[in-house]
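Spelled out from the first residue to the last, the chains are:
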Amino acid sequence: MKQTLKALIQQAVVSLKDEGVLDQAVIANIVIERARDSSHGDFASNLALSLAKSAKINPLILAQKIIEALPDNDAVIKVEIAGPGFINFFIDPNRSYQIVSQIHQQGSQFGLSKVGGGKKIQVEFVSANPTGPLHVGHGRGAAYGSAVASLLEAIGFEVHREYYVNDAGRQMDILATSIWLRYLEECGEVVVFPNNGYRGEYVREIAWKLHDKVQNEYRHPAELVLEDIPADEAQGGDKEVHIDALIGRTKVLLGTTQYRDIFQAGLNAILDDIKVDLNEFGIDYKHWFSERKLMEEGAIETALNLLEAGGYLYKKEGATWFKSTQLGDDKDRVVVRDNGQSTYFASDIAYHMNKLDRGFDQIINIWGADHHGYIPRINAALLALGGDAKKLKVLLVQFAVLYRGDDKVPMSTRSGEFVTLRQLRGEVGKDAARFFYLMRRSDQHMDFDLKLATAKTNENPVFYVQYAHARICSVLRQLDEKNLERDLNLGMKSLKLLTASYEVILLNSLSRYPELLEKAALNYEPHQLIHYLRALANDFHTYYNAHQFLVDNVSLRNARLNLITAIKQVLSNGLTLLGIHSPEAM
RNA sequence: GCGUUUGUAGCUCAGCUGGAUAGAGCAUCGGCCUUCUAAGCCGAGGGUCGCAGGUUCGAGUCCUGCCAAGCGUACCA
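Residues numbered from 1 in each chain as written. Chains lettered and ligands numbered in written order. Predicted model: local features only at pLDDT ≥ 70, side-chain atom pairs only at ≥ 80, totals over all residues. Heavy atoms only, no water.

A. Examining the environment of E217 more closely. Tracing the chain through its elements places E217 in the loop between helix 8 (201-214) and helix 9 (222-226). Spatially, the C-alpha atom of E217 lies 9.5 Å from that of Q258, the residues being 41 residues apart in sequence. Excluding its chain neighbours within four sequence positions, the residues that come into contact with E217 are Y183 and Q258. (Helix = DSSP H or I, 4+ residues; strand = E, 2+ residues; numbered from the N terminus. Contact = heavy atoms within 4.5 Å.)

Okay, structure coming up:
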């Protein structure tokens, strides 16, 4: 309908131009909006207002001229000028009934479109280091990333979901060393656990399993392990220097094979856990991209060589630096540390180069908001490598602060005490977790109230939408129990009987779904869909309380049944996209 | 300090990319179950859209300056 009106106005503008009333240009920005107030009709355009200045015509007069030039159309029954010069369109109510049969015909496909044109978009999200279980912060990224991916898919993009596994690099070495130290404790050695080590209970569990498997085979005396190791932070030293020395010692004492064994045991245990966790949260990745593989293929060297060839690298104080300041960054960045190890940033450059090489039309990274300072340097790297930096879009997700009622839930990664995604799912369930995560704009801080998410009362917004769906299912069950016939065709023929104000509102809400979906997807804003679903559920609940559906009048009954099953379909389509279940009964 | 994000009802947040009288949920108060699920519905109260300027037919939305908060500013990831 919007498109139709747009075309009509376009024609009007063209003819006004021919008459010399309007200058050239201007056609591009014709905006049709849904009227907020029904007294303003169904759709409105502010064209006359926006053109008035450049055309040097009073907006009211211009609006009148546009209306006069407007071609006839069956659907438009009235056009009005209102306020300072808005053009309001009133649509033939009979048109609005079409949406019901359209929804029934298209079913789960209703709302999907092809505006994406099959373009390939990669969405990379979560990508937490496999050094521990996912916590609630990752959960928000997971819910958001998967919702964005689903939305883009729904409007016709070819979406590639990817998790970048940091299975190489220093953090993994710290994990392997942490596991070994816990293993040594298990063997009976007394070691001081490093400040920078991974202290979580899961590290001990991996160490126990290792001990069960190899017994004391990997044991070395604690004195030997700690001999000449620089002091840790707690002893007045530098924790980074300390841990790096410990890693080195671990590698020397264990040798390549044994070290690799521990490293791999840790990686496998944690990555498997993450995979199961995300799968249970309703997320399926197409690709778990391994950083180590990237390194083994020499991609980092290749990337650094390219930067070198472009004159973007220099040496300072033993390290290799990238001149990112030349391309918009605040300061230059280290790519190879003075100890010869390449940085995370170097891997990331290689990874993003790889992404571009794979031919995606767009690349979306979903990052924690604390990484926002990282964006300029990645952009700089892409530019330096001659890539199309515009293809990269970074979406930021703010942290969620957990509350239980009024009390803030303490979270501290350092001590290993944090609420995991798995605990959250266990406490509030997948549906509530996803709904709450998606309820707010992703780039806003959010308070996540565990008590509210678990509440089975009207305080809880999750159930509100699901309840609408379940209620409709219940009506259909009642139909059966009362031995009433359902006649779909009769219902469709009788849709004109749906003239109650609540019914008109619902028809309008339903027809908004496809355009809302498109907008939510293109703006990467799943919360818009949540808000829509809440509003639709609200419209339905109001209708439910105001009117009986299973009435004696067969035509009216079937018309209403067709309307509410259309609502059920849209609720279900929307919830499914967000990875939330649509219950038949509650 | 610099960069960046944010500031809307008592609380948590929307606000359709500059439109018409600023909206929800929760909380508070008052109504609605012998009829399809009351996890629901209806109604009421509650606002200097951080402050001050500016841009224009029109500003919560755009620009500038203050004030306040979060994040970033590593040879960590």
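Okay, back to it.
B. Region of the structure containing the pairing of strand 5 (residues 120-124). A large share of strand 5 lies buried, amounting to four of its five residues. Sheet topology note: the strand 5/strand 6 (residues 158-165) ladder contains five bridges and is parallel. Looking across to strand 6, one finds that K120 is bridged to E158. For the handedness criterion, the β-α-β arrangement of strand 5, helix 6 (residues 136-154) and strand 6 is classed as right-handed. Here strand 5 pairs with strand 11 (residues 362-368) via four bridges, running parallel. When the bridges of strand 11 are listed, E124 appears paired with N365. (Buried < 20%, exposed > 50% of the residue type's maximum accessible area, 1.4 Å probe, protein only. Pairing = 2+ DSSP bridges. Right-handed = clockwise from strand over helix to strand, strands pointing away.)

C. Layout of helix 2 (residues 47-55). Turning to helix 2, its buried residues are L47, A48, L51, A52 and A55. Here the buried residues of helix 2 occupy an arc of 125 degrees about the axis, which is enough to place them on one side. On the buried face of helix 2, the contacting elements are helix 1 (2-18), strand 2 (43-45) and helix 3 (59-69). K56 lies just past helix 2 and shows a positive phi near 55 degrees. (Arc of directions from axis to C-beta.)

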